Amino acid sequence: MSDLDPTSNHRQAEILHALRRAGGAARVQSLAHELDVSDETIRRNLRRLAKGGLVEKLHGGARLVEHAVEADLQTRLMEQAEPKRRIAGVVAGMVPDGSSLFLDVGSTTSFIADALHAHRGLTIVTNSVAVAYKLATRNGNRVFFAGGELRANDGGAFGPEALGFLEYFMLDLAILSTSGICPERGFLFSDLSEARLTRTMMRRATRCIVAADMRKFHRIAPVSLGDPTEIDLLVCDAAPPGDIAAAAADWGVSICVAADMPAEGK
């Protein structure tokens, strides 16, 4: 089974969730029992997760590596804040007044919502409480918020209700975050529900932009976004390493380095 196999990615995401529920560490047999799979399936996927730096293998089990757990939104908003603002200014400059767009729950997309404060007549579809709050009731904007239960760590709505709601829309732009970018695997997510929702919006948008700071380069996560050729543009704060730049060229993904361009309003 290849690393790009969606079943493999799905299983690895389930294992990470199970380890989080167990407090960060668990034995192989416990994981196999909880997920109703064989011990060998757990061991095989733990080897892949360990190779990607997401878990540390222990005798008879595994534990999460500290950086494998996504921090909450407030923490991520304080990390790399200035590079994210530069990215946000560049992305906002690509959004004409009157556009329709999707913004997800990422910290960089929250900065993009701030950078859109002067735009007028936008139609914004989002599953992020923070984005909805920042752009609603402003300059004639219309904000459509996906339903469902809100997650405590990022104020995002996920699940079947959110997915069903998003199917109603056809948009000009989907502005997306990512957990990692790998030349062999493409754009990656730590969370299966986020990847599912992002895939839905990619199908519903004319143009797809990924906004990511340089820390996402070569960061491995267990869930593939899918075909990277469906992304049109990557906006980042520094030029990517050569192998990622070459992969992006193969995928047909253009790269815009925010450091090379003035932020909106400057």
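Under an unreviewed UniProt entry, the protein has the name DeoR family transcriptional regulator and belongs to Gemmobacter nanjingensis.

Another point: the packing of aromatic side chains. Inspection of every chain in the model, using the stated rule, returns 3 aromatic pairs. Seen in terms of ring centroids, F187 and W251 are 5.6 Å apart; in terms of plane orientation they differ by 50 degrees. Their pairing is tilted. Placement of F187 in strand 9 (residues 186-189) and of W251 in helix 10 (residues 242-251) is noted, with a sequence separation of 64 residues between them. Classification of F187 as buried rests on a relative accessible area of 2%. Accessibility expressed as a relative area gives 13% for W251, which makes it buried.

Given 3.6 residues per turn, any residue in an α-helix points the same way as the ones three and four places further on. Where helix 10 is concerned, the buried positions are I244, A247, A248 and W251. Angular distribution of buried residues about the axis of helix 10 spans 100 degrees; they occupy a single face of the element. Residues G242, A249 and D250 are exposed on helix 10 and point more than 90 degrees away from its buried face. For helix 10, the elements touching its buried residues are strand 8 (180-182), strand 9 and strand 13 (254-257). Downstream of helix 10 by one or two residues, G252 has phi in the positive range, about 80 degrees.

Moving on, we get to the sheet that holds strand 3 (residues 61-64). The strand order across the open sheet built from 3 strands is 1-3-2, with neighbouring strands paired in antiparallel fashion. The outermost strands of the open sheet, each flanked by one partner alone, are strand 1 (25-27) and strand 2 (55-58). Neighbour to neighbour, the strand axes of the sheet diverge by 20 degrees on average, direction disregarded. With 4 bridges joining them, strand 2 and strand 3 adopt antiparallel strand pairing. Residue pairing for strand 3: V55 is matched across the bridge by L64. Where helix 2 (residues 28-35) meets the sheet, its contacts fall on strand 1 and strand 3, and the angle it forms with strand 1 comes to roughly 85 degrees. Contacts from helix 3 (residues 39-51) reach strand 2 and strand 3 within the one sheet, and its direction differs from that of strand 2 by about 130 degrees.

Cut-offs and rules
Residues numbered from 1 in each chain as written. Predicted model: local features only at pLDDT ≥ 70, side-chain atom pairs only at ≥ 80, totals over all residues. Heavy atoms only, no water. Phe/Tyr/Trp six-rings, centres within 6.5 Å; stacked < 30°, edge-to-face > 60°. Helix = DSSP H or I, 4+ residues; strand = E, 2+ residues; numbered from the N terminus. Buried < 20%, exposed > 50% of the residue type's maximum accessible area, 1.4 Å probe, protein only. Arc of directions from axis to C-beta. Contact = heavy atoms within 4.5 Å. Pairing = 2+ DSSP bridges. Axes fitted to C-alpha atoms, helices over the stretch in contact; angles between N-to-C directions.

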